[in-house]
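Chain by chain, the residues:
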Amino acid sequence: MGEYIFNQNHLLGIDHLSDKDIDTILETAESFVEISTRDVKKVPALKGKTVVNLFFENSTRTRSSFEIAAKRLSADLINFNSSVSSLKKGESLRDTVLTLEAMNPNIIVIRHSASGSPYYLTTFARSSIINAGDGFHEHPTQALLDALTMKQVFKTIRGLKVAIVGDILHSRVARSNIILHRKMGNEVSIIGPPSLVPREFEKMGAKVHYNIEEGVKNSDVVMMLRVQSERGAGNYFPSIREYRKHFAINKKVFSMAKKSAIIMHPGPINRDVEIDNTLADSDKSFILQQVTNGIAVRMAVLYLLKGDFNEPIN
Amino acid sequence: MEEKIKAKIMDEKKMMRAFQRMAVEILENNRVVENLVLIGIQKKGVYVAERIKKLIEEMENIKMPTGILDITLFRDDLHKHEQQPIIQKTEINFSVEDKDIVLIDDVLFTGRTIRAAMDSIFELGRPASVQLAVFIDRGHRELPISPDYKGKYLPTSRRERVNVMLKEIDDVDQVLIMEPTRF
């Protein structure tokens, strides 16, 4: 009948999804939002399935969000902590994953500092692989939960203007968001110092701005990114003080956006660095709703990926 | 699968009478109308529930709380599907605790949907009672479930399909039996 079906075995990045896939994930997530408001926050959809959280980078919110999502779907979940694992004893990533797979999990959620590592896993693993952030590449569930938040506010995820401000160069969140919004036909501007916002990003269809007021003008969404000091972002501009002077969001800058505009931030936020303290707590800020939506989006992704054993790609 | 119409079982008039009788029977069986709530099962059960709700509201001059239930996540055949079925909205904006619930669906067949619906409802609270209203009971039960109210009992063969068509989505009120064109 030519009817659309969601046919992804893995979630490696937004790049691999069609706009219809994105719509399906968001619609499914919208249905899951309700479950988290019930007294009994659990449904039996993934009963008997096993999800492994394989995190090679520090993460509290993404890891716990996946953990809660899996548990609300009645899946069993194992947290695999790299700092106490055999990787410290010299085991390779491939051997670690093969060892885990010998225990027959259905879905592996991986975060790793090497871009492309989730794809690498699909070449030999039989589980469904979910990318929870790989290097500077993608963080698809973050972009999806951002999109869900926008959809709740604007009732649509098309025809929007999205401004992303900050360290675009090192941000997998920015990359996944740019790809997602270009796929949905939205306008994307990226704003920051030239050292962190290379012209190269114009190839992805984003407009580059070095002046925040210009870039934010008329946008529906202003998405602030954290200054990632731990990734050496401090070397790309002279001082935090100067960065804040030019690229922090405050009431004056935000007034350039549409009246109905909202502020988003993937967290953790640095108050009074990239975002004005009072603005972060204002009713224009959807930062906490993003966290809540993270659970619904991750439930949707876990549900939609079959989690049955797949043939490795190679 | 291609299918063709085998027979037209009910027209608008017959359906209207059946809806009315079901609404009256529900009221007769439940002395305390204030404790009654209706829950329609996605997808067509929702429309059947809306019809019955309207009739009860007209007769009793009350507001009848009516919810929508999607049972997908409670299905017993989720692991058997090639693709995961699309999830629809569950919208029950009232507490089910100690309520007399009438579960409503368009067609009762194996009974597995109702089993899933009951599991789903008991996650929301402990109702005083659960009753079942279906517009067509077509037989072939695989579970010990039987309707308290039905529009019509319609013996069918397993390979047939009963199509309850409603104006709200199908532009016409009628009940058809469909059969596959090829075997």
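Calculation rules
Residues numbered from 1 in each chain as written. Chains lettered and ligands numbered in written order. Predicted model: local features only at pLDDT ≥ 70, side-chain atom pairs only at ≥ 80, totals over all residues. Heavy atoms only, no water. Phe/Tyr/Trp six-rings, centres within 6.5 Å; stacked < 30°, edge-to-face > 60°. Buried < 20%, exposed > 50% of the residue type's maximum accessible area, 1.4 Å probe, protein only. Helix = DSSP H or I, 4+ residues; strand = E, 2+ residues; numbered from the N terminus. Contact = heavy atoms within 4.5 Å. Pairing = 2+ DSSP bridges. Right-handed = clockwise from strand over helix to strand, strands pointing away. Buried area = accessible area lost by both parts, 1.4 Å probe. Salt bridge = Lys/Arg side-chain N within 4 Å of Asp/Glu carboxyl O. Nonpolar A, V, L, I, M, F, W, Y, C, P; charged D, E, K, R; others polar. Domains from an automatic or database assignment. Core = buried A, V, L, I, M, F, W, Y, C linked by side-chain atoms within 4.5 Å. Axes fitted to C-alpha atoms, helices over the stretch in contact; angles between N-to-C directions. pLDDT = per-residue confidence, 0-100. Left-handed = near helix turned anticlockwise from the far one by under 90°.

Concerning the packing of aromatic side chains
All names here are of chain A.
Right, so step 1: All chains considered together, the criterion is met by 5 aromatic pairs over all chains.
Right, so step 2: Seen from their ring centres, Y120 and F124 are 5.2 Å apart, and the 65° between their planes marks the pair as edge-to-face.
Right, so step 3: Judged by its relative accessible area of 34%, Y120 falls in the partly exposed class.
Right, so step 4: Their ring planes at 35° and their centres at 4.8 Å tell us that F237 and Y243 sit as a pair that is tilted.

Examining the side chain of R51 of chain B
Residues and elements named next belong to chain B.
Right, so step 1: When you line up the elements, R51 lands in helix α2 (residues 44-60).
Right, so step 2: Look at R51 and you get buried, because its relative accessible area is 16%.
Right, so step 3: The residues contacting R51, other than those within four sequence positions of it, are F19, L166, K167, E168 and D173.

Some words on the pairing of strand β6 (residues 187-191) of chain A
All names here are of chain A.
Right, so step 1: With 4 of its 5 residues buried, β6 lies for the most part within the structure.
Right, so step 2: Strand direction decides the pairing type here: strand β5 (residues 161-165) and β6, joined by 5 bridges, are parallel. Paired with I164 across the two strands is I190, which belongs to β6.
Right, so step 3: In the classification by handedness, the crossover that spans β5, the intervening helix α6 (residues 172-183) and the parallel β6 is right-handed.
Right, so step 4: Where β6 lies against strand β7 (residues 207-209), 3 bridges are found, and the strand directions are parallel.

A short note on the environment of P65 of chain B
Residues and elements named next belong to chain B.
Right, so step 1: Residue placement: P65 occurs in the loop between α2 and β3 (66-69).
Right, so step 2: Overall, P65 belongs to the partly exposed group, its relative accessible area being 34%.
Right, so step 3: Residues P65 and G45, spaced 20 residues apart in sequence, show a C-alpha to C-alpha distance of 15 Å.
Right, so step 4: Those residues in contact with P65, other than ones at most four positions away along the chain, are L36, V37, L38 and F94.

Some points on the interface of chain B and chain A
It is common to give the size of an interface as the accessible area lost on bringing the parts into contact.
Right, so step 1: With 15 residues of chain B at the interface, the matching set in chain A holds 19 residues.
Right, so step 2: In total, chain B and chain A occlude about 1,600 Å² of area from one another, counting both sides; carbon and sulfur atoms represent 58% of this.
Right, so step 3: Three residues, L73, Q83 and Q84 of chain B, lead the burial of chain B against chain A; their summed loss comes to 35% of the area buried on that side.
Right, so step 4: Linking chain B to chain A there are 0 salt bridges.
Right, so step 5: Grouping the constituent residues of the side of chain B that touches chain A by class yields 7 nonpolar, 5 polar and 3 charged.

Re the domain arrangement of chain A
Residues and elements named next belong to chain A.
Right, so step 1: Domain parsing of chain A yields domain 1 (14-139 + 293-304) and domain 2 (140-291).
Right, so step 2: Averaged C-alpha coordinates put domain 1 and domain 2 at centres separated by 25 Å.
Right, so step 3: Tallying the contact residues gives 34 residues for domain 1 and 30 residues for domain 2.
Right, so step 4: Between domain 1 and domain 2 the total buried area reaches about 2,700 Å² when both faces are included, carbon and sulfur atoms providing 59% of it.
Right, so step 5: A per-residue breakdown of the area domain 1 buries against domain 2 is headed by F136, H139 and N293, which together make up 28% of the total.
Right, so step 6: Where domain 1 touches domain 2, the interface holds 4 salt bridges.

Things to note about the nonpolar core
Residue and element names in this part refer to chain A.
Right, so step 1: If you look at the biggest cluster of nonpolar residues, it comprises 86 residues, and the most contacted ones within it are F32, I164 and I190.
Right, so step 2: The element that contributes the greatest number of residues to this core is helix α11 (residues 287-304), accounting for 9 residues.
Right, so step 3: Two domains each donate at least three residues to this core, and these are domain 1 (14-139 + 293-304) and domain 2 (140-291).
Right, so step 4: For I164, the residues in contact, after removing those within four places along its chain, are A174, N177, I178, V188, S189, I190, I191, M223 and L225.

Describing the pattern of salt bridges
Right, so step 1: The tally for this structure, following the rule as stated, stands at 29 salt bridges over all chains.
Right, so step 2: The closest approach of N and O atoms between R63 of chain A and E67 of chain A, which form a salt bridge, is 3.9 Å. Taken as a pair, R63 of chain A and E67 of chain A lie in helix α2 (residues 61-72) at a separation of 4 residues, close to a single helical turn.
Right, so step 3: A residue is classified by how much of its surface remains accessible, and R63 of chain A, at 28% relative accessible area, is partly exposed.
Right, so step 4: Linked by salt bridges that have partners in common, D76, R112, E142 and R158 of chain B make up one network.

A look at the sheet that holds β6 of chain A
Residues and elements named next belong to chain A.
Right, so step 1: Overall, parallel pairing links the 5 strands, which are arranged β7-β6-β5-β8-β9 in an open sheet. Of all strands in the sheet, those with a lone pairing partner are β7 and β9 (262-264), marking the two edges. Direction aside, the axes of adjacent strands within the sheet are offset by 20° on average.
Right, so step 2: Summarising the sheet, β5 and strand β8 (residues 221-224) pair through 4 bridges and their orientation is parallel. Bridging from a neighbouring strand, I164 pairs with M223 of β8.
Right, so step 3: Its contacts with the sheet place helix α5 (residues 140-154) against β5, β8 and β9, and it is angled at close to 165° to β9.

Notes on the confidence of the model for chain B
Residues and elements named next belong to chain B.
Right, so step 1: Residue-level pLDDT values for chain B average 94, and 99% of them are 70 or greater.
Right, so step 2: When pLDDT is averaged over each element of chain B, strand β5 (residues 129-137) comes out on top at 98 and strand β1 (residues 3-10) at the bottom at 94.
Right, so step 3: Both scores are available for the predicted complex, with the pTM at 0.88 and the ipTM at 0.76.

Topic: the packing of α5 of chain A against α11 of chain A
Residues and elements named next belong to chain A.
Right, so step 1: Two elements in contact, α5 and α11, have axes separated by 8 Å at closest approach and are oriented at 115°. You can see that α5 and α11 cross each other, and the crossing is right-handed. Residues T141, Q142, L144, L145, D146, L148, T149 and Q152 of α5 form the contact with α11, whose participating residues are Q289, Q290, N293, G294, A296, V297, R298 and V301.
Right, so step 2: Along the lines of polarity and charge, the residues of the contact of α5 with α11 split into 6 nonpolar, 8 polar and 2 charged.

Observations regarding unusual backbone geometry
Right, so step 1: Of note, the bond from G267 of chain A into P268 of chain A is cis; its omega dihedral lies within 30 degrees of zero at -10°.
Right, so step 2: Relative to the elements of secondary structure, P268 of chain A occurs in the loop between β9 and α10 (277-280).
Right, so step 3: The omega angle of the peptide bond from Q42 of chain B to K43 of chain B is 5°, so this bond is cis rather than trans.
Right, so step 4: In this structure, K43 of chain B sits in the loop between β2 (36-41) and α2.
Right, so step 5: The backbone phi angle of N61 of chain B is positive, close to 55°, even though this residue is not glycine.

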